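This is what each chain is made of:
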Protein chains: 2
Amino acid sequence: MLFADAVTPSLAANSPVLALDLGGTHLRTAVVSADGVIGARDRRRTLTVRGADAVMADCADSLRQITQQHLAAGGQRPTALGISAPGPLDPFRGVFQDPPNLGRSFWELPIVDHLSSVLGVPATLERDTQVAILGERAFGAGIGVNDLVYVTVSTGIGGAVISGGTLMRGPDGVAGELGHIAVDMNGPVCGCGGRGHLERMTSGTGMARSGMDALEAGLDAPELARIAANIAPSPLEAHHVYDAAAAGDPTARRIIDTAIHAFAAAAVSIVDIFNPQRIIVGGGIALAWGEALLGPARDLVAKTAFRVARERVSIVPASLGDDVGLIGALPLVRLALSGRSTQAHPEFASAVTA
Amino acid sequence: MLFADAVTPSLAANSPVLALDLGGTHLRTAVVSADGVIGARDRRRTLTVRGADAVMADCADSLRQITQQHLAAGGQRPTALGISAPGPLDPFRGVFQDPPNLGRSFWELPIVDHLSSVLGVPATLERDTQVAILGERAFGAGIGVNDLVYVTVSTGIGGAVISGGTLMRGPDGVAGELGHIAVDMNGPVCGCGGRGHLERMTSGTGMARSGMDALEAGLDAPELARIAANIAPSPLEAHHVYDAAAAGDPTARRIIDTAIHAFAAAAVSIVDIFNPQRIIVGGGIALAWGEALLGPARDLVAKTAFRVARERVSIVPASLGDDVGLIGALPLVRLALSGRSTQAHPEFASAVTA
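Remember, it's a predicted structure, so these values are computed and weren't measured experimentally.

A. Representation of the packing of aromatic side chains within the structure. Residue and element names in this part refer to chain A. Tallying each qualifying case throughout the model produces five aromatic pairs over all chains. Arranged with centres 6.1 Å apart and planes meeting at 75°, the rings of F96 and F106 form a pair that is edge-to-face. Within this pair, whereas F96 is found in strand β6 (residues 95–96), its partner F106 is found in the loop between β6 and α4 (111–119), the two being separated by 10 residues in sequence. Since its relative accessible area comes to 0%, F96 is described here as buried. On the basis of relative accessible area, F106 is assigned to the buried category, the value being 0%.

See below:
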């Protein structure tokens, strides 16, 4: 049975939904109204070390708690649950694949089936970046835009694409992984094994790795070495490399410049590949760096992308911040209700119609 | 008035169509039956030096000639014209933009309007690679595949994408330009101004350019130098570089290896971005090199693309050869008739209903 069969669209169109944004460090939950406003909400640490079962129990507990708060305040009962989680995952079966950020106990976990059964609402699952692009398009920086690309620059780099108004998913639901555009085919090895992928060059993890590699190689990096000694035994993070660059460290400067250049080169590829009206850039590093990241990308696009495509596109910051994974649950549930794509697991859908 | 309004779909579903494949060196025309079989056909040199008006007159003359042959043989009257041409072009208005391979007199030429008026049939225009992917999907290597990528490796490198069964076009119809994925952000400058784009690394023009640059730079290229001296004053072409590499020239070998590696790196990007079921590779160089080009791409995809995506995809040669631009006119016309995308210019559509 399709997700859409479990809830009547007319009801769902005016009902609030439950949202779960399951990240590697925190899980957030919220009740989201039919006009995209967050009501009752909760936030807990994701205790991945305790394993998937414990985390699932935490999610269910948090969702029950905010539902009770919401109902106690006179709110209408939420009709469905939208889940945002790190990829790779299978949105069609509602199952995790092998998400590196969540750990082994989550592999092949049927989260949609599980939470739906426990909570008695139909649920639907998508990759965090897919939920983000749906959220930004419904209520953020992409309202009314039919050809839209979302890129998150954070610990890792993820992406999502809406082309001609349709969320691009591919037969396995893993389409849109823009972090793995190879921008430097002879460059350093990415976590995935490829060389010079955008994620290796411009993500927080990638820049920290480059900083550590530079120190190990004995490159001229006095400020970076000083910071590394100060924070030992903690490892370098991307913001340390950024600070060292700002303080004039030549090697740190080269790492940061390379990261910015790699992002700009990828932006040109994205413009020529998708001819988008807008590219929305979210994530912690994009937020922290702002125009230092987006400005050079706009410049290189203006200089080298196809004329028609570069005249069309704008490159803008995301506007929903950390709440995008919650707010996006609303358009995600609506997409599932439309029956065109996401569907819940058949076994629990009947539980909800009762 | 939409293209779809000019022809009744029931009629068109069983009627032959006229096809025009307008290339930089040759123009081909054909009558294509409703089951994709080519009947009467013609091929002429594209005399771009004589300007767009003369070429348009040649196109019309050729199309009239094959129509007469087709009718004289008892064939049913073609109901529409599908045009394949080099990009960039505007498929929604049926107008060329600034195609470098056709010359200045073609810029902004309303080819759909013109040929439709002259011939009295509705017409529709798409970029050659878009027509190719439609043709391969309808009658070639992509039958029944809903998530499909087409790459042509030839004088230049072009691409096209069908995602979830829909041809990706973007708001300006220029989406799918996979030749401009940056695979080496510090690499040589592409015709578009970007650095290390796939087209600069793996196209015929790009490899010839690398060969000439290597000779000018005085690199160790004895066999390449010998060939260049032999063919002077004609310039080096890609097949000369390939031959020199085969004869053991170290610099030519490096250029060819780099071209193959660049294609493989781009293939990984394509797999991670689109999660396609199939990648079809066409074009003269792909045809000539065969497994020497496709094998390393398959290997790198198997090693470094996302697990689910790499297990899904197959990378195969195109199967329709030079006729793809003609055969593809049939699904192109049908796409236009469906009213979902391509449309002809309003002014001439009424001429056809009479």
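B. Just the pairing of strand β11 (residues 278–282) of chain A, in detail. Residue and element names in this part refer to chain A. Counting buried residues along β11, four of its five residues qualify, which places the element largely inside the surrounding structure. When strand β8 (residues 148–153) meets β11, the two strands line up parallel, connected through five bridges. Looking at the pairing, T152 lines up with G282 of β11. Across four bridges, the pairing between β11 and strand β12 (residues 314–317) is parallel. Across the sheet, I280 pairs through a bridge with V316, a residue of β12.

C. A look at the interface of chain A and chain B. The interface is formed by 45 residues belonging to chain A together with 45 residues belonging to chain B. Contact between chain A and chain B buries roughly 3700 Å² in total, counting both sides, with carbon and sulfur atoms accounting for 60%. In terms of surface lost to chain B, no three residues of chain A exceed M185, I273 and F306 of chain A, which account for 19% of the buried area on that side. Counting across the interface, chain A meets chain B through four salt bridges. Close ionic contact of R312 of chain B with D172 of chain A constitutes a salt bridge, the shortest N to O distance being 2.6 Å. For the pair chain A and chain B, the interface holds 18 residue pairs in polar contact (both at pLDDT 80 or more).

Reading the values: rules and limits
- Residues numbered from 1 in each chain as written.
- Chains lettered and ligands numbered in written order.
- Predicted model: local features only at pLDDT ≥ 70, side-chain atom pairs only at ≥ 80, totals over all residues.
- Heavy atoms only, no water.
- Phe/Tyr/Trp six-rings, centres within 6.5 Å; stacked < 30°, edge-to-face > 60°.
- Helix = DSSP H or I, 4+ residues; strand = E, 2+ residues; numbered from the N terminus.
- Buried < 20%, exposed > 50% of the residue type's maximum accessible area, 1.4 Å probe, protein only.
- Pairing = 2+ DSSP bridges.
- Contact = heavy atoms within 4.5 Å.
- Buried area = accessible area lost by both parts, 1.4 Å probe.
- Salt bridge = Lys/Arg side-chain N within 4 Å of Asp/Glu carboxyl O.
- Polar contact = N/O pair within 3.5 Å; in protein donor to acceptor, adjacent residues only side chain to side chain.

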